[in-house]
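Overview (structure and organization)
Listed here are the chains, written in short residue letters.
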Amino acid sequence: MVQSIRGALSLERPNRQARQLEYLTLRIFVMIIVSNIWTTDEAIQAYSARHLISLNDPSSLVKAPPGIDDQSHLDLHFYDVVGATCGVISPSLEHIAEIVSFGKGHIENGYPVLIRCTAGVSRSTAAALVLAASFKTMDLGQLVQLLRDRAPYSRPNSLMISLGDELLSLGGALVTAVQNMGPPDNAGIPKPFVLNVV
């Protein structure tokens, strides 16, 4: 999975403007929606999302909401940790590759993708950034600033960002952009938002 994703990405044209024009010509709009588990139904209704990525703790019993079938639901289980811890399932390169493969596949077929985690602050925002970065249509600094503007409370999981940077062969650029995004607004209340990068 990881090698196939890397191979496909290596064939993409690096010019952002060319990528933007390509998606606009094909009428493909990159809409990535982020929510927490409590606002999932609100996000589905607001954005007509029918494709869902769930990032849950391994012990979670949260199920997909009605209307989301198994083929339209990527259900991944790992903890919101930023390093290897004995006995704890942490984010892996394989998890990130699955997120990119699932998300790009549905978005390039014209469907918005909803990403949710427990709080809608860390795992889901990191996944949204990596998925958005995989389209290579937007400067990474601008992309990260867009996330900060849409979700001032966001605190993207740094391990997921590092793995995404590795998967996409970004040479540390995504990691640096996130490190420079500034502190989160801890008083902010998470709510559904959209990263629409094309």
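Data block above holds the structure.
The sections below set out a description of the structure shown in this document. No experiment lies behind these values; they were computed from the predicted model shown.

Here is what the cut-offs are and how they apply
- Residues numbered from 1 in each chain as written.
- Predicted model: local features only at pLDDT ≥ 70, side-chain atom pairs only at ≥ 80, totals over all residues.
- Heavy atoms only, no water.
- Axes fitted to C-alpha atoms, helices over the stretch in contact; angles between N-to-C directions.
- Helix = DSSP H or I, 4+ residues; strand = E, 2+ residues; numbered from the N terminus.
- Parallel < 35°, antiparallel > 145°, perpendicular 65-115°, else oblique.
- Left-handed = near helix turned anticlockwise from the far one by under 90°.
- Contact = heavy atoms within 4.5 Å.
- Nonpolar A, V, L, I, M, F, W, Y, C, P; charged D, E, K, R; others polar.
- Buried < 20%, exposed > 50% of the residue type's maximum accessible area, 1.4 Å probe, protein only.
- Arc of directions from axis to C-beta.
- Pairing = 2+ DSSP bridges.
- Phe/Tyr/Trp six-rings, centres within 6.5 Å; stacked < 30°, edge-to-face > 60°.
- Lys NZ or Arg CZ within 6 Å of the ring centre and 35° of its normal.

1. Quick look at the packing of helix α4 (residues 93-107) against helix α5 (residues 123-134)
Pairs of packed helices are described in terms of their axes, by the angle between the two and the distance that separates them. Between α4 and α5, the least distance of the axes is 9 Å, while the angle of their chain directions is 60°. When the axis of α4 is compared with that of α5, the two are oblique. Crossing hand, α4 versus α5: right-handed. Across from Ile96, Ile99, Val100, Gly103, Lys104 and Ile107 in α4, the residues of α5 making contact are Ala127, Val130, Leu131 and Ser134. Here the residues of the contact of α4 with α5 are counted per class, giving seven nonpolar, two polar and one charged.

2. As for helix α3 (residues 40-47)
Every buried residue of α3 is listed here: Thr40, Ala43 and Ile44. The buried residues of α3 occupy an angular sector of 100° when the element is viewed end-on, so they sit on one face. In α3, the exposed positions that point more than 90 degrees away from the buried face belong to Gln45 and Ala46. Buried residues in α3 make contact with β1 (31-36) and β4 (113-117). Two residues or fewer after α3 comes Ser48, characterised by a positive phi angle close to 55°.

3. A short note on the pairing of β4
Judged by how many residues are buried, β4 sits mostly within the fold: five of five residues are covered. Of the two faces of β4, the one lined by Val113, Ile115 and Cys117 and the one lined by Leu114 and Arg116 are each fully buried. Across five bridges, the pairing between β1 and β4 is parallel. Following the sheet pairing, Ile33 is matched in β4 by Leu114. Sheet topology note: the strand β2 (residues 52-56)/β4 ladder contains four bridges and is parallel.

4. Focus: the packing of aromatic side chains
Each aromatic ring pair is described using two quantities: the centre-to-centre distance and the angle formed by the ring planes. All told, the structure shown has zero aromatic pairs when counted by the stated rule. Taking the ring centre of Phe135 as reference, the NZ or CZ of Lys104 above it sits at 5.1 Å.

5. Some details on the environment of Ala46
Along the polypeptide, Ala46 turns up in helix α3. For the pair Ala46 and Pro192, spaced 146 residues apart in sequence, the C-alpha separation works out to 9.0 Å.

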